[in-house]
Amino acid sequence: MKLVPYLLAVYVITKPFYLWSSGLPQISDFVLLLSFVIMLFSVHRDKLRQTIVDNKFFFLFLFFVVVINLLYSVYYTNSDFLLHTIYYIFDALGIIIFSITMKQMEDSRRILSNSFKISLLVQLALYLLDLGRYYGAVRYMGTFNDPNQFAYYVFLSFSFIYLFSLKNKDKSSWIFLIISLFLIFQSMSTGMLVGMIVFVIIYLIALVKKALKTVKGRFVLMMSCYSLIAVSIVVGGFLWAGGNGVLNVSNTPLLSRIEEKIDRAQGNSDVSLWQERGYDRMIFYPQYNLFGAGEGMYSRFELAYHQGELHATLPSILFSYGLMPLVFILIWIFNKIKGTKLEVLCVYLALLIESFTLINSRQVLFWVIFLLPQIILIGDKNEKES
C-alpha cells in the first residue's frame, strides 16, 4: 500500500503525455490500473466496501451508464457505447483508489500535491524549451493532442494544488496560479480562461468577506483597493496606447477567439455557440433528456449542426443517460462539497461553470477532485473534534 501514493504521483505526472490518439489508453492509465491491483491485495475488503457506500450515488449513476449503453450497444450492434462505459468504470476505479489512499495515508496528500506541482513545472519547461506541440499555428497544446485538453489539465492541476495548500498553509500555490494562467493563455482556451476568471473573482469575494471581519483586514483591504486602482490606471494607459499603435493588443489571437465566441453566443454568426457545442440536439431530440440516448453513435442526430459529442459535461450526462442518472450525480457532487467555505467552493463553482464548455466526464481527476473537501478539510476537522 505504501507504493500506491507514489504510483498515483506517477499517474499525475505522466497524464499529460499522449503517445497515442485521444480515447486510447495512455501510459498514465496503465499506471493507475497497476495501483488499483496493488491496492486490492493490500487493503481490507471492508474499506473497499465502505468507499463504495460513501460514493453510492456515483455507483448508482454508473449502474445506469452500464445498463443504458449496453442496451443501445445490443440494439444498434455498435461497440462505441461499450467504450464510453469503460471510461466511466475507469473513473469509478480512480475514485476508489484516490479515496482510500488519501484517507489512509496523510503523506499521500503531500506526495500528490508535489506531483501536480512537478507536472506543471514540466509543462512550463517544455513550453520554454519549445518542445511542445501546437494546434494550427498559434494554439499551444504541450504534450496533449488538443489545446483544450492541455488547458483543462493545467486548470485542474492548479485546483488540486490550491485545495491541498488550504490544508498545508502553502503560499506557493499562487506561483502556480501565475504559471497556470500563462500556460492557459498559450493554449487560447476560452473555456479555461472563463474558469480561471470565475475562480479568481469568487476567491476575492471570499477574501473581502474575511477581511471585513477585522480592523487590520479592513485596512489591508483599503490599501489593496488603492493599489488596484493605481495598477488599473497603468494598465489602462497601456491599453489606450495600444489603440494608438504603441501596443496593439486588440489583434491578439486569444482576443479574436473571445470576440468570436461572444458573437456566436449572441447569434451574430452563421453558427451559434450552442450549435458548435452540440446543445441543439437536446432541443431536436428532447425525449433523450428524459431516458437517455446512450453515449456513442452520434450519427443518429442528423438534425443537429454536427454529429460529434456534446461538448459539455452535465448536459452530456443528461442527454446520454437521462434525468434520473443526472440527479444521482448531482446529489453525489452536492454531498461532497456541502459544508465547505467559499474559499473552497470557488474551485468547484469554477470547474462546474467551465464544464458547460467542455466534456470532462472521461477524466478521472475531474471526479477525484470532488473527494478532497470531505477527506482533507472536513475529514481532518472531524478527526480532531473526536
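Residues numbered from 1 in each chain as written. Predicted model: local features only at pLDDT ≥ 70, side-chain atom pairs only at ≥ 80, totals over all residues. Heavy atoms only, no water.

**Observations concerning the overall build of the chain**
Counting its regular elements, the chain contains 19 helices and two strands. Accessible area of the chain: about 19,200 Å², with a carbon and sulfur share of 69%. (Helix = DSSP H or I, 4+ residues; strand = E, 2+ residues; numbered from the N terminus. Areas by Shrake-Rupley, 256 points an atom, 1.4 Å probe, with all protein chains shown as cover.)

**Some remarks on the side chain of glutamine 123**
Checked against the element boundaries, glutamine 123 lands in helix H6 (residues 107-128). Once residues within four sequence positions are removed from consideration, glutamine 123 is found in contact with Pro16, Phe17, Tyr140, Gly142, Thr143, Phe150 and Leu183. (Contact = heavy atoms within 4.5 Å.)

**Quick look at helix H4 (residues 56-76)**
With 21 residues, H4 extends 30 Å between its outermost C-alpha atoms, agreeing within 8% with the 30 Å of an ideal straight helix rising 1.5 Å per residue. Residues of H4 that are buried sit in contact with helix H3 (45-54), helix H5 (80-104), helix H14 (288-291), helix H15 (313-321), helix H16 (323-337) and helix H18 (364-368). Looking one or two places after H4, you find threonine 77, whose phi comes out positive at around 45°. (Expected span 1.5 Å × (residues − 1).)

**A few points about the side chain of lysine 15**
On the secondary structure map, lysine 15 appears in the loop between helix H1 (4-14) and helix H2 (27-42). Notably, lysine 15 is buried but unbridged: the nearest opposite-charge side chain belongs to aspartate 29, and the N-O separation is 4.1 Å. Beyond its immediate sequence surroundings of up to four residues, lysine 15 is in contact with Ser28, Asp29, Phe144, Tyr153 and Gln363. (Buried < 20%, exposed > 50% of the residue type's maximum accessible area, 1.4 Å probe, protein only. Lys, Arg positive; Asp, Glu negative; His and termini not counted. Salt bridge = Lys/Arg side-chain N within 4 Å of Asp/Glu carboxyl O.)

**Thoughts on a positive patch on the surface**
A contiguous patch of positive charge on the surface is contributed by Lys169, Lys171, Lys209, Lys210, Lys213 and Lys341. Inspection of the secondary structure assignment puts lysine 169 in the loop between helix H7 (147-168) and helix H8 (173-187). Its relative accessible area of 68% is what places lysine 169 among the exposed residues. (Patch = residues over 30% accessible without salt bridge, like charges linked within 9 Å, V, L, I, M, F, W, Y side chains within 5 Å. Charge placed at Lys NZ, Arg CZ, Asp CG, Glu CD.)

**Here's the deal with the packing of H8 against helix H9 (residues 190-211)**
With their axes 10 Å apart at the nearest point, H8 and H9 run at an angle of 150° to one another. Classed by the angle they form, the pair H8 and H9 counts as roughly antiparallel. In the packing of H8 onto H9, the handedness of the crossing is left-handed. Contact with H8, carried on its side by Trp174, Leu177, Ser180, Leu181 and Ile184, involves Met192, Leu193, Met196, Phe199 and Tyr203 of H9 and no other residues of that element. (Axes fitted to C-alpha atoms, helices over the stretch in contact; angles between N-to-C directions. Parallel < 35°, antiparallel > 145°, perpendicular 65-115°, else oblique. Left-handed = near helix turned anticlockwise from the far one by under 90°.)

**Focus on the environment of alanine 151**
One can find alanine 151 in helix H7. Residue class for alanine 151 comes out buried when judged on its relative accessible area of 0%. For the pair alanine 151 and serine 187, spaced 36 residues apart in the sequence, the C-alpha separation amounts to 6.2 Å. Dropping the residues within four chain positions of it, alanine 151 is found in contact with Ile184, Ser187, Ser189 and Met192.

**Points about the packing of H4 against H15**
Taken N-terminus to C-terminus, the directions of H4 and H15 make an angle of 50°; their axes are 10 Å apart at the nearest point. Judged by the inter-axis angle, H4 sits oblique to H15. Where H4 approaches H15, its residues Phe61, Val65, Ile68 and Asn69 are matched on the opposing element by Ile317, Ser320 and Tyr321. Counted by class, the contact of H4 with H15 contains five nonpolar, two polar and no charged residues. (Nonpolar A, V, L, I, M, F, W, Y, C, P; charged D, E, K, R; others polar.)

**With respect to the packing of aromatic side chains**
Under the counting rule described, the total for this entry stands at 44 aromatic pairs. For the ring pair phenylalanine 301 and phenylalanine 319, a centre distance of 5.2 Å and an interplane angle of 70° mean the geometry is edge-to-face. Of this pair, phenylalanine 301 sits in the loop between H14 and H15 while phenylalanine 319 sits in helix H15, placing them 18 residues apart in sequence. Its relative accessible area of 3% is what places phenylalanine 319 among the buried residues. Three or more aromatic residues link up through ring pairs in this structure, and these residues are Phe58, Phe59, Phe61, Tyr88, Tyr321, Trp332, Tyr348, Phe366, Trp367 and Phe370. The ring of tyrosine 72 is capped by arginine 300, whose NZ or CZ atom sits 5.4 Å from the centre of that ring. (Phe/Tyr/Trp six-rings, centres within 6.5 Å; stacked < 30°, edge-to-face > 60°. Lys NZ or Arg CZ within 6 Å of the ring centre and 35° of its normal.)

**Thoughts on the pattern of salt bridges**
Scanning the entire structure with this criterion turns up four salt bridges. The salt bridge involving arginine 277 is made with glutamate 276; its shortest N-O contact spans 3.9 Å. Both residues of the pair, arginine 277 and glutamate 276, belong to the buried class. A salt bridge links glutamate 309 to arginine 362; the nearest nitrogen and oxygen atoms lie 2.9 Å apart. A residue pair is termed long-range when its members are at least 10 positions apart, and glutamate 309 in the loop between H14 and H15 and arginine 362 in the loop between helix H17 (342-354) and H18 qualify at 53 residues. Assessed through its relative accessible area of 17%, glutamate 309 is described here as buried. Given a relative accessible area of 28%, arginine 362 falls into the partly exposed group.

Coordinates in, geometry out; function isn't part of it.
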